Amino acid sequence: MLVFLVRRLGQGTLVLVLISLITFFLINLAPGGPSAASRFETTAEERAALNKQLGLDQPLVSRYGQWAGKLVQGNFGVTLNGGQPIGPMVRQRLGNTAQLGLSALLLSVVIGIPLGIFTAMRRNSVLDHVVNAITTLGMSIPDFWTGIMAILLFSVVWKVLPSSGLYDASAGFSAVGWLQHMIMPVGVLAFVMLPNLVRFTRSSLLEVLGMDYLRTARAKGVTEQRVIRKHALRNALVPIIAMVGLILPALLSGSVIIESVFGLPGMGRLAVDAALGRDYNTIMAVTLVAGAVVIVTNLLVDLTYSFIDPRIRHD
């Protein structure tokens, strides 16, 4: 296990280095480059002074080396528009995105996996067809449209939930206020993930239910409930965990739309604002953090396999 962890950490570090290299050089080689951060009404002398202040007049390799040296020390640098430290801003935004994403993931898992198991046990029933129709519809609806409809319904028509933000600034932060603000974005993001999880759980369990060892267990007199709980579900969970592992990184891309629709100050909103403002230092930080999240998620999924199925070992 230790060798596996060391190997995976080494691979993850190499991937992050490659991500940083590709992103850094693409940003600097693109038309406009970081110097376009000073694109407002400025003279050539003012632009040159700003570029010198930000270190944009130095060779490309030298600038990457300086940026990487600061990154090793935990310093993401400062924003090109405003000169604010990026590290504290990323930590705060990442925490908000984690609250949104993990809450939505928990809700979708709690609903989706039992619903997928339930429909698999009642294959071709009326309930199975209804759930399949609803999940197909859910997969076809864009998440931004779902978010807008939720705001129109719950905030404009019924006026029961706030339409944006994390809490009411006039009343200050409170657990109740946070919950009221997060119900809609968490629900919409969970609704986006739910159809794939339900359908995948259903198909995975149906595949396991057709295995010979389950027929043998039934022939030995094992009750159907025990066959499902102890044998079928345990083996079906391995691909389901893999599916959850694929959903986790997708939460970052999904949060871009959800956070923009509901005005949440998270990583997705930060990425959009940085791209619109050509804040390349912030884009570098967001890209690197997103890559680290994907790497850590894949590692956790691989470690979870061995706990679910003892036959899987990481040497």
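Throughout, residues of each chain are indexed from 1 in the direction in which the sequence is written. The predicted origin of the model limits local features to residues at a pLDDT of at least 70 and limits the giving and counting of side-chain atom pairs to 80 or more, whereas totals for whole chains, interfaces and linings rest on all residues. Remark: hydrogens and water are excluded; side-chain values derive from all non-hydrogen atoms of the structure.

**Topic: the overall build of the protein chain**
Secondary structure elements are taken from DSSP: a helix is a run of H or I of four residues or more, a strand is a run of E of two residues or more, and numbering for both begins at the N terminus. When helices and strands are tallied, the protein chain shows 11 helices and zero strands. Along the chain direction, N to C, the helices and strands of the protein chain fall in the order α-α-α-α-α-α-α-α-α-α-α. Referenced to the eigenvectors of the C-alpha coordinate spread, the extents of the protein chain come out at roughly 85 × 55 × 35 Å. We call a residue buried when its accessible area falls under 20% of the maximum for its residue type, exposed when it is over 50%, and partly exposed in between, using a 1.4 Å probe and counting protein chains only. Residue burial in the protein chain is summarised as follows: out of 315 residues, 39% are buried. Contacts between residues were defined by any pair of non-hydrogen atoms, one from each residue, lying within 4.5 Å. Within the protein chain, residue pairs in contact and separated by at least 24 positions form 72% of the contacts whose partners lie at least 6 positions apart. All accessibility values rest on the Shrake-Rupley procedure with a 1.4 Å probe; residue burial counts only the protein chains present in the view. About 17,300 Å² of surface is accessible on the protein chain, with carbon and sulfur atoms providing 67% of the total. Charged-residue counts in this description rest on Lys and Arg as positive and Asp and Glu as negative, His and the chain ends being excluded. All charge positions are set by atom: Lys at NZ, Arg at CZ, Asp at CG, Glu at CD. Charged side chains of the protein chain number 25 positive and 16 negative; the gap between the two group centres comes to 10 Å.

**Examining unusual backbone geometry**
Phi is positive for Asn124, close to 65°, though the residue is something other than glycine. By the element assignment, Asn124 lies in the loop between α4 (86-121) and α5 (126-140). Judged by its relative accessible area of 54%, Asn124 falls in the exposed class. Phi is positive for Lys159, close to 55°, though the residue is something other than glycine. If you trace the backbone, Lys159 turns up in the loop between α6 (143-157) and α7 (175-209).

**Brief notes about a nonpolar patch on the surface**
Patch members must show over 30% relative accessible area and no salt bridge, and they are joined within 9 Å when carrying like charges or within 5 Å when they are nonpolar side chains of Val, Leu, Ile, Met, Phe, Trp or Tyr. For this document, the term salt bridge refers to a Lys or Arg side-chain nitrogen within 4 Å of an Asp or Glu carboxyl oxygen. A cluster of nonpolar side chains, contributed by Phe144, Trp145, Ile148, Met149, Leu152, Leu153, Val156, Val157, Trp158, Val160 and Ile257, occupies part of the molecular surface with about 980 Å² of accessible area. Examining the composition of the nonpolar patch, we find that eight residues originate from one element, α6, more than from any other. Inspection of the secondary structure assignment puts Ile257 in helix α9 (residues 224-262).

**Remarks on the packing of α4 against helix α11 (residues 280-308)**
Packed helices, taken two at a time, are described by their axes: the angle between them and the distance between them. Only the stretch in contact is used when fitting a helix axis, every axis being a line fitted to C-alpha atoms; angles between N-to-C directions are given from 0 to 180 degrees. The geometry of α4 relative to α11 is characterised by a closest axis approach of 11 Å and an angle of 45° between their N-to-C directions. The orientation of α4 relative to α11 falls into the category oblique. Crossing geometry of α4 relative to α11 is assigned as right-handed. Residues Ile86, Met89, Val90 and Leu94 of α4 touch α11, and the partners they reach there are Asn281, Thr282, Ala285 and Val289. Polar here means any residue other than Ala, Val, Leu, Ile, Met, Phe, Trp, Tyr, Cys and Pro, which are nonpolar, and Asp, Glu, Lys and Arg, which are charged; Gly is therefore polar. Along the lines of polarity and charge, the residues of the contact of α4 with α11 split into six nonpolar, two polar and no charged. Under this scheme an angle from 65 to 115 degrees is roughly perpendicular, one under 35 degrees roughly parallel, and one over 145 degrees roughly antiparallel; angles in between are oblique. For a crossing to be left-handed, the near helix must be turned anticlockwise from the far one by less than a right angle; the clockwise case is right-handed.

**Topic: the packing of α6 against α9**
The contact between α6 and α9 brings their axes to 9 Å, and the two run at 25°. Taken as axis vectors, α6 and α9 run roughly parallel relative to one another. Both α6 and α9 take part in a crossing whose hand is right-handed. Taking contact as the criterion, the partners of Asp143, Phe144, Gly147, Ile148 and Ile151 in α6 are, on α9, Ile257, Ile258, Val261 and Phe262. Partitioning the contact of α6 with α9 into residue classes produces seven nonpolar, one polar and one charged.

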